[in-house]
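Descriptive structure summary
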Amino acid sequence: MRVLGISGSLRRDSYNTALLRHAGDLFEAEGAEFEIYHGLRDIPPYDEDCDTEQAPEAVSRIREAVRDADALFFVTPEYNSSIPGALKNALDWISRPFATNALRHKPVAVIGVSSGMFGAVWAQADLRKVLGAIGARVTEAEVAVGHVGERFDEDDRLNEPNLAREVHEVVATLLADTRSAQTSQPAAHVIGGLSRE
């Protein structure tokens, strides 16, 4: 089973990316292949005029990476009470063409980290909403890591057993949902999408 990890933060020393690496170790311990996608900053702003068979190379790369994965695991910060713009932009590209997009029926999970006390819960909720509108199979599990500067040790590992256990539970739930999706037929309904400009 192949799991693709995506961090919503572009910052070099991002706690969200550190948490994503921690989750990756858990996926691999469960026997899954795990890869972090590193090209988010290269994706240009969504432009329908450029969304053709010859889409920008960075767009083609992320679409292919998502399509090749069996599941996706997102870790997101919260910017202005919502999703970081670079992450939302990437999802707008991935969502096209809507009926056959690379995320359709794909199992996904979302957790988040923030410096405030609420652990990016609004961003997580918005991200789940967007993923559901695109047609992904959103796992009903979450972890909110607040006051992030106090939650990691010098090796960028979670230093609280309860949080580590919660992350492991989300990992296990996503893997179970992915196995279930692989043995069932995809849903036929459409619940939203990126409208034409």
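Each remark here, short or long, concerns the structure printed above.
Here's a quick rundown of the structure. (Residues numbered from 1 in each chain as written. Predicted model: local features only at pLDDT ≥ 70, side-chain atom pairs only at ≥ 80, totals over all residues. Heavy atoms only, no water.)

1. Details of the overall build of the protein
- Along the backbone of the protein there are five helices and six strands.
- Along its sequence from the N terminus, the protein presents helices and strands in the succession β-α-β-α-β-α-β-α-β-β-α.
- Against the globule reference of 16 Å for 197 residues, the protein gives a C-alpha radius of gyration of 16 Å, in line with a compact fold.
- With the C-alpha coordinates aligned to their principal axes, the bounding extent of the protein is approximately 45 × 35 × 25 Å.
- For the protein, the residues scored as buried account for 49% of the 197 residues in total.
- Look at the contacts in the protein between residues 6 or more apart in sequence, and 78% of them connect residues 24 or more apart.
- On the protein, roughly 10000 Å² of surface is accessible, and the fraction owed to carbon and sulfur atoms is 48%.
- In the protein, the 20 positive side-chain charges and the 31 negative ones have mean positions that sit 3 Å from each other. (Helix = DSSP H or I, 4+ residues; strand = E, 2+ residues; numbered from the N terminus. Rg over C-alpha atoms; globule rule 2.2 N^0.38 Å. Buried < 20%, exposed > 50% of the residue type's maximum accessible area, 1.4 Å probe, protein only. Contact = heavy atoms within 4.5 Å. Areas by Shrake-Rupley, 256 points an atom, 1.4 Å probe, with all protein chains shown as cover. Lys, Arg positive; Asp, Glu negative; His and termini not counted. Charge placed at Lys NZ, Arg CZ, Asp CG, Glu CD.)

2. Focus: the pattern of salt bridges
- Evaluation of the coordinates by the stated rule reveals eight salt bridges.
- Among the ionic pairs, Glu48 bridges to Arg96, the shortest N-O distance being 3.8 Å. A residue pair is termed long-range when its members are at least 10 positions apart, and Glu48 in the loop between β2 (33-36) and α2 (57-68) and Arg96 in the loop between α3 (85-94) and β4 (107-113) qualify at 48 residues. Comparing Glu48 with Arg96, the two get one shared label, buried. (Salt bridge = Lys/Arg side-chain N within 4 Å of Asp/Glu carboxyl O.)

3. Concerning a nonpolar patch on the surface
- Taken together, Met117, Phe118, Val121 and Trp122 make up a surface patch of nonpolar side chains, about 480 Å² in accessible area.
- Note on Met117: relative accessible area 57%, which makes it exposed. (Patch = residues over 30% accessible without salt bridge, like charges linked within 9 Å, V, L, I, M, F, W, Y side chains within 5 Å.)

4. Let's talk about the nonpolar core
- By size, the foremost hydrophobic cluster in this structure holds 29 residues, and its most contacted members are Leu72, Phe74, Leu91, Leu103 and Leu131.
- When residues no more than four places from it in sequence are discounted, the contact partners of Leu91 are Phe74, Leu103, Leu127, Val130, Leu131 and Ile134.
- One finds Ala18, Ala141, Leu158 and Val167 within the second-largest nonpolar core, a separate group that totals 28 residues. (Core = buried A, V, L, I, M, F, W, Y, C linked by side-chain atoms within 4.5 Å.)

5. Details of the pairing of strand β1 (residues 2-7)
- In terms of residue burial, β1 counts as a mostly covered element, since five of its six residues are buried.
- Where β1 and β2 come together, four bridges link them in parallel fashion. Bridge pairing links Arg2 to Glu33 in β2.
- The β-α-β motif built from β1, the intervening helix α1 (residues 15-29) and the parallel element β2 has right-handed crossover chirality.
- Here five bridges tie β1 to strand β3 (residues 71-76), and the two strands are oriented parallel to one another. Note on β3: the bridge partner recorded for Leu4 is Leu72. (Pairing = 2+ DSSP bridges. Right-handed = clockwise from strand over helix to strand, strands pointing away.)

Everything listed here is a matter of geometry and, on its own, says nothing about what the molecule does.
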